[in-house]
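Letter by letter, the chains look like this.
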Amino acid sequence: MSRLEAKKPPLFISEPLTKHAVSQSLSLLSGILKSSYGPAGRLKQLHNGVGGCVCTTSQSSALLGHLSVSQPVLRVLTASVQNHVSHFSDCGLFTAILCCGFIENFRSLNIAPFTVIKISKHLLSLCMDHLKSEACGCRVSVDFSSVGTLVSLVRSILTSKPACLLNKTEVDHLTSLVLKAFLFTVPCHVETNAVLGKCVIIPVKGRRVEDSTVLPGLLIEVPEIQLGKPLAVKRTGSNMIKLALFSVSMSGDGFNPEEGTIAVHHGVSLEVSELNQLLSVGKQLVKDEVGLVVCQKVMHPSLKQYLKENGVMAVDRAGLCLMEPLGRMTGSQPIASIHLLSPGCYGSLKDLCVESFTPKHFLHLIPEDTVICSLILCNRSETAWDELKHVCETAEQVLRLTMKEPLALLGGGCTETHLASYIRHKSSILPTSTFKDLDCSQTQYQLVAEGFCHSLESVARSLSHDGEEILTDMVYGHCWFLPSGAPCASKWSDFLVSKCGCGMNGNTEDLSWRFLRDQSGSPVIQGCPKEPSVKVSDLLTLDCFAAKCTGLQVALETANLILDLSYITEDQN
């Protein structure tokens, strides 16, 4: 077949960062992300323009997943951030905003990209060495024998997404539930290769957040169950409930035409033969003293009735997501064929009961000893519930990461301003041999370092959405908020909020201040103490150490990759 249209040659774009369209798109993306950042971030409504559901959110995974990005440069940026979020679940907006800041600040310098990249990598190594040192003033140790720091960490995550629509009471309630659910997943008996359990989130929409609760074990929704009637379940001699878990369909229509053809003798009904096989399986289950049968897919009504008559409870349509935690909790092996039953495939339960969360009813599977639990998560609307589910999953992942590395970083912009202060101080006292090793001048190094610091401070400035001025103190390098409309004064402590962004420092000391909006040469901060002299509150605003450290690295590496782009080849066919 001949071509209807001649094949077009590929489009070559040289120096993409100098193009107006790329700069405009980068600035627009940066503005969207910055306006979504923090507890006071503005919500975004995302839809595809041709119908379908509308997503109301301020979280990075939803924003970057729904935005249509056409510029190849921005696709590199968004893909890098999405990959980071898929691994760490947190600090997506931080990473994206910081990456945009690096690109915008570095490309404005009249320095070769190769030199900028070398210097910025050295600055990153200074940051990482500082963050990993005991003397770091923006690092907090997490003690798992006390819940204080863990509460601060979970609370900071829950309050970071305004679309959850939570008040203080609801935040406190959910904080305790998320912590309780996480502790359920920690094994009681520590082994050499201990593995954390799993928390399954059960959706109940249209109810108050305070109705949310955590239960050990698993819940399976059973709409047809009769409330008020005791559960008559067959038990073994040891008073346990034996469980059989089927991953194969038990509906009686097991033949799939796509798998090939099957030969049937004349007068033989395939459906009757299949049902007889199912009933044979039922007889074997009764003989083996099984008390509960759970099927991932559909179960034939005749088989369910037979099992019921023989004291065996049957639950079908359990779904794929419950199979792994259910098998792990009960010790059962999913049965993939109705033609082969092994005595070793059964699991066991301690008890069964019915839990009701109007309008839903659940069968509660209670194990003897478990690292599996269910978080019944309630919220008033579907939009708020979707956002809350994501936030709770993020909090659980952050707690897992924190257990591996029991550290946290100060939030509220304080880590960013502290690091900027540290880099300014460190870069001013570097020996001349450093510049020689990097093959750059001291002036070039200072210019790149200032751009690096401005990028960090731009993340802290993004927390202001209502006209507040952002300042940093010259002693601790922490971030402070000055309410909009406050008069100019020499004594800023009269007008600043009572504590810094993370809540660790109070403004009772006689500190000197600097506006973060000032892009001119900034004074050097002569080091930051490890512990502040005044600790205002035990409820600090904290960030995940692993997620933020990796986010810092990802942001710079992605920015350097984009800065190093000389050509883009784009297929136009």
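As the structure is a prediction and not an experimental result, all values here were calculated from the model. (Residues numbered from 1 in each chain as written. Predicted model: local features only at pLDDT ≥ 70, side-chain atom pairs only at ≥ 80, totals over all residues. Heavy atoms only, no water.)

## So, the overall build of the chain
Okay, step 1: Helices and strands together make up the secondary structure of the chain, namely 15 helices and 20 strands.
Okay, step 2: Taking all 573 residues of the chain together, the buried fraction comes to 50%.
Okay, step 3: Intrachain contacts of the chain at a sequence separation of at least 6 include 76% that bridge at least 24 residues.
Okay, step 4: As presented, the chain carries roughly 27,200 Å² of accessible surface, and 53% of it is formed by carbon and sulfur atoms. (Helix = DSSP H or I, 4+ residues; strand = E, 2+ residues; numbered from the N terminus. Buried < 20%, exposed > 50% of the residue type's maximum accessible area, 1.4 Å probe, protein only. Contact = heavy atoms within 4.5 Å. Areas by Shrake-Rupley, 256 points an atom, 1.4 Å probe, with all protein chains shown as cover.)

## A short note on the packing of aromatic side chains
The geometry of an aromatic ring pair comes down to the distance between the two centres and the angle between the two planes.
Okay, step 1: Considering all chains together, one arrives at 4 aromatic pairs under this definition.
Okay, step 2: Ring plane angle 15 degrees and centroid distance 5.6 Å describe the contact between F102 and F106, whose orientation is recorded as stacked. Within this pair, F102 and its partner F106 are both found in helix α4 (residues 92-107), separated by 4 residues, close to a single helical turn. For the pair formed by F102 and F106, the shared burial category is buried.
Okay, step 3: Put simply, the rings of F102, F106 and F452 touch in pairs and so form one group of aromatic residues.
Okay, step 4: Above the face of the F94 ring, K548 is positioned so that its terminal group lies 4.8 Å from the ring centre. (Phe/Tyr/Trp six-rings, centres within 6.5 Å; stacked < 30°, edge-to-face > 60°. Lys NZ or Arg CZ within 6 Å of the ring centre and 35° of its normal.)

## Description of the environment of V293
Okay, step 1: Secondary-structure assignment places V293 in strand β9 (residues 290-295).
Okay, step 2: Classification of V293 by relative accessible area gives buried; the value is 0%.
Okay, step 3: A sequence separation of 19 residues divides V293 from V312, and the C-alpha atoms of the two residues are 7.3 Å apart.

## Remarks on the sheet that holds strand β18 (residues 513-515)
Okay, step 1: Taking strand neighbours across the sheet as the criterion, the 3 strands line up as β17-β16-β18 in an open arrangement whose pairing is antiparallel. If you trace the sheet from one side to the other, it starts and ends with β17 (479-482) and β18, each paired once. The average angle at which neighbouring strand axes cross in this sheet is 40 degrees, direction not considered.
Okay, step 2: Bridge analysis of strand β16 (residues 469-473) against β18 gives 3 bridges, and the strand direction is antiparallel. What sits directly across from L471, in β18, is F515. (Pairing = 2+ DSSP bridges. Axes fitted to C-alpha atoms, helices over the stretch in contact; angles between N-to-C directions.)

## Quick notes on the environment of G237
Okay, step 1: Within the fold, G237 resides in the loop between β7 (218-221) and β8 (241-246).
Okay, step 2: Each C-alpha atom, one on G237 and one on E289, is 9.5 Å from the other, the two residues being 52 residues apart in sequence.

## Some thoughts on the pattern of salt bridges
Okay, step 1: For the structure on display, the rule yields 18 salt bridges.
Okay, step 2: Its salt-bridge partner being R235, residue D351 comes within 2.7 Å of it at the nearest N-O pair. With D351 in strand β12 (residues 351-357) and R235 in the loop between β7 and β8, this residue pair connects regions lying 116 residues apart in the sequence.
Okay, step 3: Its relative accessible area of 28% is what places D351 among the partly exposed residues. (Salt bridge = Lys/Arg side-chain N within 4 Å of Asp/Glu carboxyl O.)

## Re the pairing of β8
Okay, step 1: Summarising burial for β8: 5 of the 6 residues are buried, a large majority.
Okay, step 2: Bridge count between β8 and strand β11 (residues 347-349): 3 bridges; the pairing is antiparallel. For K242, the partnering residue across the bridge sits in β11 and is S348.
Okay, step 3: With 5 bridges joining them, β8 and β9 adopt parallel strand pairing. Counterpart to F246 in the pairing with β9 is C295.

## Observations regarding the nonpolar core
For soluble globular proteins, the rule of thumb is that nonpolar side chains tend to be buried together.
Okay, step 1: Judged by nonpolar contacts, the single largest core of 120 residues is most densely connected at L131, Y445 and L552.
Okay, step 2: Counting contributing residues per domain, this core is built from domain 1 (14-138 + 410-571) and domain 2 (143-217 + 376-405), each supplying no fewer than three.
Okay, step 3: When near neighbours in sequence (up to four residues on either side) are disregarded, L131 contacts C136, C138, R139, L409, L419, F545, C549 and L552.
Okay, step 4: One finds I202, L219, M329 and L363 within the second-largest nonpolar core, a separate group that totals 31 residues. (Core = buried A, V, L, I, M, F, W, Y, C linked by side-chain atoms within 4.5 Å. Domains from an automatic or database assignment.)

## Describing the sheet that holds strand β6 (residues 213-216)
Okay, step 1: Spatial ordering of the open sheet is given by β5-β14-β6, a layout of 3 strands whose pairing is mixed. The open sheet terminates on both sides in strands that have one partner only, identified here as β5 (198-205) and β6. Neighbour-to-neighbour, the strand axes of the sheet open up by a mean angle of 25 degrees, direction not taken into account.
Okay, step 2: The pairing of β5 with strand β14 (residues 372-379) spans 8 bridges and is parallel. Bridge assignment links K198 to a residue of β14, and that residue is I372.
Okay, step 3: Set on the sheet, helix α7 (residues 168-184) makes contact with β5, β6 and β14; between it and β6 the angle comes to about 15 degrees.

## Observations regarding the packing of helix α12 (residues 414-428) against helix α14 (residues 442-461)
Helix-helix packing: each pair is described by the crossing angle between the helix axes and the interaxial distance.
Okay, step 1: At their nearest, the axes of α12 and α14 sit 8 Å apart, and the two run at 170 degrees to each other. Taken as axis vectors, α12 and α14 run roughly antiparallel relative to one another. Contacts from E416, T417, L419, A420, I423, R424, S427 and S428 in α12 reach Y445, Q446, A449, E450, F452, C453, H454, L456, E457, V459 and A460 in α14.
Okay, step 2: Class assignment of the residues belonging to the contact of α12 with α14 gives a composition of 10 nonpolar, 5 polar and 4 charged. (Parallel < 35°, antiparallel > 145°, perpendicular 65-115°, else oblique. Nonpolar A, V, L, I, M, F, W, Y, C, P; charged D, E, K, R; others polar.)

## Considering helix α1 (residues 20-35)
Okay, step 1: A rise of 1.5 Å per residue sets the reference length of α1, with its 16 residues, at 22 Å; its end C-alpha atoms lie 22 Å apart and thus fit the reference within 8%.
Okay, step 2: Among the residues of α1, those classed as buried are V22, S23, L26, L29, S30 and L33. Buried residues of α1 fall within an arc of 130 degrees about the axis and therefore sit on the same side. What points out from α1, more than 90 degrees from its buried face, is the exposed set H20, Q24 and L28.
Okay, step 3: Considering only its buried residues, α1 is in contact with α2 (60-66), α3 (72-88) and α4. (Expected span 1.5 Å × (residues − 1). Arc of directions from axis to C-beta.)

## Considerations on the packing of helix α5 (residues 113-131) against α14
Okay, step 1: It is at 10 Å that the axes of α5 and α14 come closest, and there the two elements cross at 60 degrees. Taken together, the axes of α5 and α14 are oblique relative to one another. α5 and α14 meet at a crossing whose hand is right-handed. Seen from α5, the contacting residues are T115, V116, I119, S120, H122, L123, L124, L126 and C127; seen from α14, they are Q444, Y445, V448, A449 and F452.
Okay, step 2: In terms of residue class, the contact of α5 with α14 is built from 10 nonpolar, 4 polar and no charged. (Left-handed = near helix turned anticlockwise from the far one by under 90°.)

Distances and angles like these do not, on their own, reveal function.
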